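# Structure assessment
Here are the chains, one letter per residue:
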Amino acid sequence: MGVSHISNRSEKQSERWSRRGVLTVLGVVPAAVLTGCSGSAGAAESSSSGGSSTTATVKAAKAPTVTVSPAAGTKKADFTAPVTVTVVDGTLATVKVTGNDGSTLAGTFNDAKTKWTSTKNPYSGTKYTVAAQAQDAAAKTLTFTTKSPGETFVGYFTPEANSTSGVGMPVSINFTHAVKDRSNVQKAITVTADPAVEIVGHWFSDTRLDFRPETYWAAGTKITLSLRLKDVEGQDGIYGVQSKDVTFDIGREQISTVDLSSKEMTVKRDGKTLATYPVSGGNAQHTTWSGIMVISERFKQTRMESSTVGLGDEYDISDVPHAQRLTTSGTFVHGNYWASTAVFGSENTSHGCVGLHDAKGANDTSVAGYKFYDSSMLGDVVIVKNSGEKTVAADNGLNGWNLSWADWKAGSAV
């Protein structure tokens with residue numbers, strides 16, 4: 001009996017402790033839930049209400065980042081590569097690149113509009129402002145400055161800008177530094193004509209490039225020379241500086257033919273005979289070059305010394321009248337007052353020049369020397385034949401017309 005009584009109490013006590021333990025555990029659960037993550041609580045609530053839930057992650061939007069190459073703030077940027085503008089976390093809406101010289105750089109976007117590339121390289125020694133705006137973002141303004149080249153070259157051209165020349169005048173360019181990359185330099189120079197005609201460049205040396213059509217220019221032609229040499233590399237580390245357009249005009253056609261067999265010069269103007277003059281050419285020891293020559297310089301009076309053409313002290317005349325240069329080596333067509341009048345038309349007595357009767361002082365308008373000079377201009381053609389001498393070299397003066405069209409084109413680098 002006693003044992004049963006004790007056993008019953010134990011069971012009841014066990015029940016009480018069990019309830020208390022359950023209550024204690026039940027009391028702990030809400031606390032554990034509250035101190036857990038809110039997602040779990042939400043999931044529990046949804047589960048208890050019979051619904052479902054998805055965890056949403058909201059990513060904060062990043063502002064577009066625009067960068068420029070050359071890098072913003074660069075003081076001595078390279079000028080041999082294009083300018084690029086790129087954007088990360090966005091797309092480009094507009095890009096404008098302006099130099100402090102007033103120039104602008106055009107460019108194109110890639111398909112995604114995340115990159116803009118200039119179509120040409122920036123100029124040297126120029127400060128550029130880049131105004132770039134990404135879509136739905138504020139505009140960015142960045143600057144950089146390109147370095148100046150260490151060494152430079154220029155091309156001195158003939159004829160002079162805005163001048164009028166004869167139909168034989170080529171466009172001749174002489175460079176101040178030897179050009180190693182002929183193709184690169186020639187591509188930066190264009191010569192066009194109105195009326196239009198094919199014009200081709202020919203390199204005579206690393207420092208000389210001439211342009212001409214297949215035949216003489218048409219009378220009245222307007223020629224435009226476009227030099228785009230700025231920052232063009234002629235050879236390692238040496239860059240051009242010119243970026244300009246110049247124009248020249250071609251006047252009337254005048255072609256004079258000197259026949260040293262008959263010792264006569266016939267002058268034709270626009271196809272019609274203008275005048276015929278008796279002349280005296282080079283003697284047997286000093287023959288005159290034959291071939292097509294172009295008047296490249298003109299002097300009312302000039303000094304001629306034999307020592308300058310390798311003939312020692314044979315002559316020194318201080319006032320040669322009406323002298324017009326035909327070759328770099330010293331061939332002229334000029335007036336002559338010191339020889340007998342009977343020489344002209346009958347004997348070849350000069351040291352290689354073509355002489356016409358003239359008067360001392362160069363002011364007598366009645367003599368042949370004056371008349372021919374007065375009718376001539378730079379670029380006029382003088383053809384010498386039957387001189388007993390070989391054809392003049394094409395680079396001895398402005399005399400490229402002595403090359404065939406095929407040979408002329410063979411000298412082009414493009």
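These figures come from a predicted structure and were not determined experimentally.

About the cut-offs
Residues numbered from 1 in each chain as written. Predicted model: local features only at pLDDT ≥ 70, side-chain atom pairs only at ≥ 80, totals over all residues. Heavy atoms only, no water. Helix = DSSP H or I, 4+ residues; strand = E, 2+ residues; numbered from the N terminus. Buried < 20%, exposed > 50% of the residue type's maximum accessible area, 1.4 Å probe, protein only. Contact = heavy atoms within 4.5 Å. Phe/Tyr/Trp six-rings, centres within 6.5 Å; stacked < 30°, edge-to-face > 60°.

## Topic: the overall build of the protein
A tally of regular secondary structure across the protein gives five helices and 28 strands. The buried share of the protein, taken over its 414 residues, is 39%. For the protein, restricting intrachain contacts to residue pairs at least 6 apart in sequence, the fraction spanning at least 24 positions comes to 62%.

## Comments concerning the packing of aromatic side chains
Counted by the stated rule, this structure contains nine aromatic pairs. Consider the rings of Phe 153 and Phe 175, whose centres lie 6.0 Å apart with planes at 80°: the pair is edge-to-face. Separated by 22 residues along the polypeptide, Phe 153 in strand β9 (residues 151-153) and Phe 175 in strand β12 (residues 171-175) bring together distant segments of the chain. Considered together, Phe 153 and Phe 175 belong to a single accessibility category, that of buried residues. Note on Phe 175 and Trp 203: the rings are 5.7 Å apart at their centroids and 25° apart in plane angle, and the pair reads as stacked. With Phe 175 in strand β12 and Trp 203 in strand β14 (residues 200-205), the pair connects residues that are 28 residues apart, well separated along the chain. Using a relative accessible area of 6% as the deciding quantity, one classes Phe 175 as buried. An aromatic cluster of three or more residues is present, and its members are Phe 153, Phe 175 and Trp 203.

## Focus on the environment of Ala 72
Topologically, Ala 72 is positioned in the loop between β1 (65-69) and β2 (84-88). According to the relative accessible area criterion, Ala 72 is partly exposed, its value standing at 46%. As for Ala 72 and Phe 144, which are separated by 72 residues in sequence, their C-alpha atoms are 5.4 Å apart. In this view, Ala 72 contacts Leu 142 and Thr 143; residues no more than four positions away in its chain are not counted.

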